[in-house]
Every structure is written in C-alpha cells, then in structure tokens.
Amino acid sequence: MVKKGQAPRGLLALLAAWAVGVPALLHTFGGKEVQTAPWVHFVVVATGALIAAVASVGLTVAGARANDGRTVLLGAAFSTMTALLMIHGLATPGIIVGQNGVIALAGAASLPAGGAVLALAAVPAMRRPLKLAPVLAIQAALAAVILLLGAIGLAFPTAVPGVPAAGSVPAIVLLLFGLAFFAMIALRAVRTYTLTHRTTDLLVFVGCVWMGWALVPQLIMGYGTLAFYFGHGMELLGITLVGIPAALDLRQGGASRPLVGDLTATELVGAEEAFLGARVRALMLDLSEKDRSTEEHTRRVAMLACAVGEELKLPPTTLRHLAIGGLLHDMGKLRTPPGILCKPSTLTDEEFAAIKCHPEDGARLLADLGAFDREVLELVLDHHERLDGGGYPRGLHGDQIGLATRVLTVCDVYDALVSHRVYRPAWSQDRALGLLREESGTAFDPSCVAALERVLARTTDDPGWVATLAPVEAPVAPSRR
C-alpha cells in the first residue's frame, strides 16, 4: 500500500521502463523509414502547440493578475514553444507548401528554445520581483518575431535552408544545449518533489525527461523516420505532463513550483495541508482544540527549524522531516491532562513526570496512525534529548542524536523561552540566545545555535515564528521549558 503523499509505484516503474526502453527502441527501430499522410504529422504537432498555448495563456493571465513577472516568464516559455510548433506544423510538406527548410528549423528549435526560457526562470537574478510590463512585452515580441519569420519562410520556402541537418555538428550542439536546459528543470522538479512528495511534481520531472528524449530522434534520426514520429509523441506527452501540474498549481493561486523551483521548507509549514497532507492538518487542528498556545508554538518551531535547516544546507528530504516533525513534536500533549498542561504554578514531581511522557506519547501516536517516516518519529521522540545525556526520554548523548533533532531542539527551546507561558513571562531574544550560547557544546549543538543566530539576524519583519507577546525579564522554570 502506498503511503499518503508518496508517488505511486506504477509511476516510478513506468519512468524506469521508459528510461531503459526508449534507447533500445530507437536503436532497434528508429531508423526505419515510414510513410504517413501529411495531416498525421500536422495533427500531432498542432495538438502539442494547443497544449502549450493553453499553458501559456493560463500562466500569463495568472501572472498578470498576481503581478508576478516570473509566472509570466513561464508563460513566455510555453508561448515560444507554441509559436515554433505552429510554424513546424504548418510547414509540413503537403499542408501549405511542398518540401521546405522551415520544418527542420522550427522543429529543431521548439523544445530547446522553450527549455531555455523555462530554465531562465530559475536564475538567481530572476528570483527578485520582476516588473510585469517588460516581461509581457518580451513575451509578445518573441512570439511575434517567431511567427513573422515563420510566415516569411512559408511564403518563400526555397529561401530557407534545411538546417540543422540531422546528425550534423550544429544539430548535436543544439541537442546538448536542449538536454542541459531540461536537465536543469528536471533537477528543480526533483528537489520540489523531495519537499512536497506530490505526484504532480514528479510528473513534471517525467515530462522534462520525455521532452529531453524527444530531442534525440528529431535532431539525430531525421525527418520521415519512425524515430521522428516517436519523438513527436514523446514531445506531446512531455508538454502535457508539464502543463497539467502547472494548471493545477494555478488553480491554487500560484506558479508551478517545480518549474519556478523556489519552494522553501518554511512554506511547507505555512500550507501544511497542501504540501504535508490532510493527516498533519487534522492533528494540528486537534492540538489547537486542546491547547491553542501549544499549537502556535509548534508552528513557530517548525518554521524556525526549517529556516535553520536551510541555513545549514540540509537536504530537501531532511527539511521535509523537520517541517513535519516540528509541527508534530508536541503532539503527545494531546494525552496530557489539561490541568497539568495549563497549570500556572510549579508542577509537582508527579505532574512533571506526566509532562515528560509527551515525547513517547507523541511518537507512539504517530506510529499507531502510520504513514510517518522513521525520521519524523525520531524527531518527535528525541526533541528533549541533550548532547551531554541530560535529556529525556532515552538519555541519548553526542552522536546518538541526529543533526535534524539537534536543530529542532535548539529551535524548540528558543521559542519556548521567548514565548509567554502561563507559568512565566517571555524572555527577551538576547537573554534566550545567551542561555543557548552558554549551554552550547554541553546541551546544544554549537553549529545549530550559530545558525539560529544568523537566521534571526536576517529577520527584518515578522517571519511567522515570532511570539506575539512582548518579552518581560523574569526567572524561568527550567522544568517547564
């Protein structure tokens, strides 16, 4: 049985089979000459152009409404492919003109040109807000120039050389550039998938792989071969697999995450139902009903832990674990009696012993529910462990405590200190960081404390993990942290 949020095994098996099967098919049958009616090629190419056009219009309109230049830039990539595919289809010998060089030129350029614009959206300089008007103007001008040159080529077909010739040096160079562009996009999609575990993000990766493969028969095998038509089929499927997730993300009010490639781990926390699943959302609602302040604390801790994890350049899978583990680390308090959880005075030994059960209770609850990774269960179980062995419930020390757990521990303690609690006022940020520095190397990991300080130093406005009440200097009860 597939866990919630994981890619279906059938999809992974299909991708693996495709990766092995495509080269074998092309090698065995690709060079065979085939004769088809001109309208067959035209319909296949026109379908691809239509799908690209729909994606282009959707992305452009959504980007314009949201004043988001990067989304419009994605629309420009699809409009570029639309214009070139349209020219390629119309240049099919027997549709409007006879034999011509336009079909080779437009067909060879459609995917690499579109891939280049898609890859451009991930350039660091493009991650700053883009002015909408220039991007819209570039998109319109690029499509207009392509269509104008295509119209001229169709009007004077003999004037356009049939370049690049299949298998020629220019064709191979264009192939390498195209493969590089789609590899960049595919890597963005993989990173996004490791954060979200959404099947649609994996589909973008598959679509990029297929469009990359589509370049091979078109640029190496040549027009009129079985491989040429097979490549057009892969192109059509690839555009579809990239376009559908883009459309679904647009319905949710944003650009396609795997295409834009700038999803952060803190955003997973901000939209846990969309990115982390309905089960996480349901548990957070249960915790909020039990104790709103604990639910708010866990959300801040999760966001802060993800930010610190990104500062430490932890891999995307670990960041996802931090997002889920941060949100759910205090879930065991669902089983803590309210009279103990919200008691404004000092706890008795028996009451504190009940509080100390919440890591084990939380891990047991998540294990009983299923569908949570072992790393998440460890975060929930071990977030009160200390490097010197003075923590609970297992008394771990040193390397027995994973780096992600050390990150969560530091963020949990920091937020607890700077937040108002029923049994004490909040501490100031400086005082809380002072305690963490003082206990660095004994209780807390020094690299995690330093990363937390860097994250907090960069914060110029409320990032979502700042406690809402003003800090007041007062003694703290360590047993209640």
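Residues numbered from 1 in each chain as written. Predicted model: local features only at pLDDT ≥ 70, side-chain atom pairs only at ≥ 80, totals over all residues. Heavy atoms only, no water.

Novice: Would you explain the packing of helix α19 (residues 403-418) against helix α21 (residues 446-458) in this entry?
Specialist: The axes of two packed helices give the description: the angle between them and the distance between them. α21 packs onto α19 with a crossing angle of 55° between their chain directions and a minimal axis gap of 9 Å. With respect to each other, α19 and α21 are oriented oblique. Handedness of the α19/α21 crossing: right-handed. Along the contact surface, α19 presents L403, R406, V407, V410 and Y414, while α21 presents C448, V449, L452 and L456. Split by residue class, the contact of α19 with α21 holds eight nonpolar, no polar and one charged. (Axes fitted to C-alpha atoms, helices over the stretch in contact; angles between N-to-C directions. Helix = DSSP H or I, 4+ residues; strand = E, 2+ residues; numbered from the N terminus. Parallel < 35°, antiparallel > 145°, perpendicular 65-115°, else oblique. Left-handed = near helix turned anticlockwise from the far one by under 90°. Contact = heavy atoms within 4.5 Å. Nonpolar A, V, L, I, M, F, W, Y, C, P; charged D, E, K, R; others polar.)

Novice: How should the confidence of the model for the protein chain be read in this particular structure?
Specialist: Atom-level detail of predicted coordinates should not be read off regions where pLDDT is low. In the predicted model, the protein chain carries a mean pLDDT of 84, and the fraction of residues at 70 or more is 86%. Considering only residues more than four positions removed or in separate chains, one finds that residues 1-6, a stretch of pLDDT under 50, has eleven contacts. Taken together, the stretch residues 468-481 has pLDDT below 50 and engages in 39 contacts with residues farther than four places along the chain or on a different chain. (pLDDT = per-residue confidence, 0-100.)

Novice: When you look at the packing of helix α6 (residues 169-196) against helix α7 (residues 199-221) in this model, what are you seeing that I'm missing?
Specialist: It is the contact of α6 with α7, at a shortest axis distance of 7 Å, that shows an interaxial angle of 170°. Regarding the angle of α6 to α7, the classification is roughly antiparallel. Residues of the contact of α6 with α7, tallied by class, amount to 20 nonpolar, four polar and one charged.

Novice: Even after reading the chapter, I still don't get unusual backbone geometry, so can you show me in this structure?
Specialist: The bulk of non-glycine residues show a negative phi, and the bulk of peptide bonds are trans. Residue Y392 is joined to P393 through a cis peptide bond whose omega torsion reads 10°. Its location among the elements puts P393 in the loop between α18 (374-382) and α19. We note that H197 has phi near 60°; this positive angle belongs to a residue other than glycine. With respect to the element layout, H197 can be found in the loop between α6 and α7. Its identity is not glycine, yet K313 carries a phi of approximately 60°, on the positive side. Structurally, K313 is set in the loop between α13 (292-311) and α14 (316-328). Taking relative accessible area as the criterion, K313 reaches 72% and is therefore assigned exposed. (Buried < 20%, exposed > 50% of the residue type's maximum accessible area, 1.4 Å probe, protein only.)

Novice: Whenever I open this one, helix α2 (residues 38-66) confuses me. Can you help?
Specialist: Think of an α-helix as turning once every 3.6 residues; residues three or four places apart then point the same way. For α2, spanning 29 residues, the distance from its first C-alpha to its last is 42 Å, which sits close to the expected 42 Å at 1.5 Å a residue. Within the sequence span of α2, burial applies to H41, V45, G48, A49, A52, A55, S56, L59, T60 and G63. Those residues of α2 that are buried are in contact with α3 (69-90), α4 (102-120), α5 (132-155) and α8 (226-251). One or two residues past the end of α2 sits N67, with phi positive at roughly 55°. (Expected span 1.5 Å × (residues − 1).)

Novice: Mind showing me how you'd approach the pattern of salt bridges here?
Specialist: Oppositely charged side chains are able to pair whenever their charged atoms sit close together. Under the counting rule described, the total for this entry stands at 15 salt bridges. One salt bridge connects R292 with E296, and the closest N-O pair in it is separated by 3.3 Å. Separated by four residues within a single helix, R292 and E296 lie in helix α13, roughly one turn from each other. Residue E378 pairs with R374 through a salt bridge whose shortest N-O separation is 2.9 Å. Of this pair, E378 and R374 both sit in helix α18, separated by four residues, roughly a single helical turn. Of the residues examined, E378 reaches a relative accessible area of 32% and is grouped as partly exposed. A relative accessible area of 52% places R374 in the exposed class. By sharing partners, the salt bridges in this structure join R292, E295, E296 and R299 into a single network. (Salt bridge = Lys/Arg side-chain N within 4 Å of Asp/Glu carboxyl O.)

Novice: Please clarify how the side chain of N100 should be interpreted in this entry.
Specialist: Note that N100 resides in the loop between α3 and α4. A polar atom in the side chain of N100 sits 2.8 Å from the backbone oxygen of A91. For N100, the side chain forms a polar contact with the main-chain nitrogen of V102, separated by 3.0 Å. Residues contacting N100, with those up to four places away along its chain left out, are A91, P93 and P157. (Polar contact = N/O pair within 3.5 Å; in protein donor to acceptor, adjacent residues only side chain to side chain.)

Novice: Help me understand the environment of V163 in this model?
Specialist: Checked against the element boundaries, V163 lands in the loop between α5 and α6. Judged by its relative accessible area of 38%, V163 is partly exposed. Between the C-alpha atom of V163 and that of A104, which follows or precedes it by 59 residues, the distance is 6.1 Å. Leaving out residues up to four positions away in the same chain, V163 has contacts with A104 and L105.

Novice: Help me out: how do you make sense of the environment of I146 in this one?
Specialist: With respect to the helices, strands and loops of the structure, I146 is situated in helix α5. Once the C-alpha coordinates of I146 and M81 are considered, the two residues, 65 residues apart in sequence, prove to be 9.9 Å apart. With residues up to four places along the chain from it excluded, the contact list for I146 reads T80, A83, L84 and I87.

Novice: What is the right way to look at a nonpolar patch on the surface in this model?
Specialist: On the surface, V145, L148, L149, I152 and F156 cluster together into a nonpolar patch covering about 510 Å² of accessible area. Its place among the elements puts L149 in helix α5. (Patch = residues over 30% accessible without salt bridge, like charges linked within 9 Å, V, L, I, M, F, W, Y side chains within 5 Å. Areas by Shrake-Rupley, 256 points an atom, 1.4 Å probe, with all protein chains shown as cover.)

Novice: Would you mind going over the nonpolar core with me for this structure?
Specialist: Grouped together as the largest cluster of nonpolar side chains are 58 residues, with contacts concentrated most on L322, L328, F372, Y414, L436 and L452. When near neighbours in sequence (up to four residues on either side) are disregarded, L328 contacts V280, L283, M284, L366, F372 and V380. Counting 46 residues, the second-largest nonpolar core is a separate cluster that includes L59, V135, W210 and A214. (Core = buried A, V, L, I, M, F, W, Y, C linked by side-chain atoms within 4.5 Å.)

Novice: What exactly am I supposed to notice about the state of the cysteines here?
Specialist: Two cysteines joined by a covalent bond between their sulfur atoms form a disulfide. For the structure shown, the criterion picks out zero disulfides. Free cysteine C306: the closest other cysteine sulfur is in C411, separated by 9.0 Å. (Disulfide = S-S within 2.5 Å.)

Novice: Please explain α13 as it appears in this structure.
Specialist: The first and last C-alpha atoms of α13 sit 29 Å apart over 20 residues, in line with the 28 Å expected at 1.5 Å per residue. Once α13 finishes, K313 follows within two positions and takes phi at roughly 60°, a positive value.

Novice: I keep staring at the packing of aromatic side chains and nothing clicks. Help me out?
Specialist: Any two aromatic rings considered together are summarised by their centre-to-centre distance and by the angle between their planes. In the structure shown here, the tally under the stated rule is one aromatic pair. On the basis of an interplanar angle of 35° and a centroid distance of 6.4 Å, the ring pair of F177 and F181 is categorised as tilted. Residue F177 and its partner F181 are located together in helix α6, separated by four residues, close to a single helical turn. The side chain of K356 reaches across the aromatic face of Y392, ending 5.0 Å from its centre. The lysine or arginine in question, R431, covers the ring of W427, its NZ or CZ lying 3.8 Å from the ring centre. (Phe/Tyr/Trp six-rings, centres within 6.5 Å; stacked < 30°, edge-to-face > 60°. Lys NZ or Arg CZ within 6 Å of the ring centre and 35° of its normal.)

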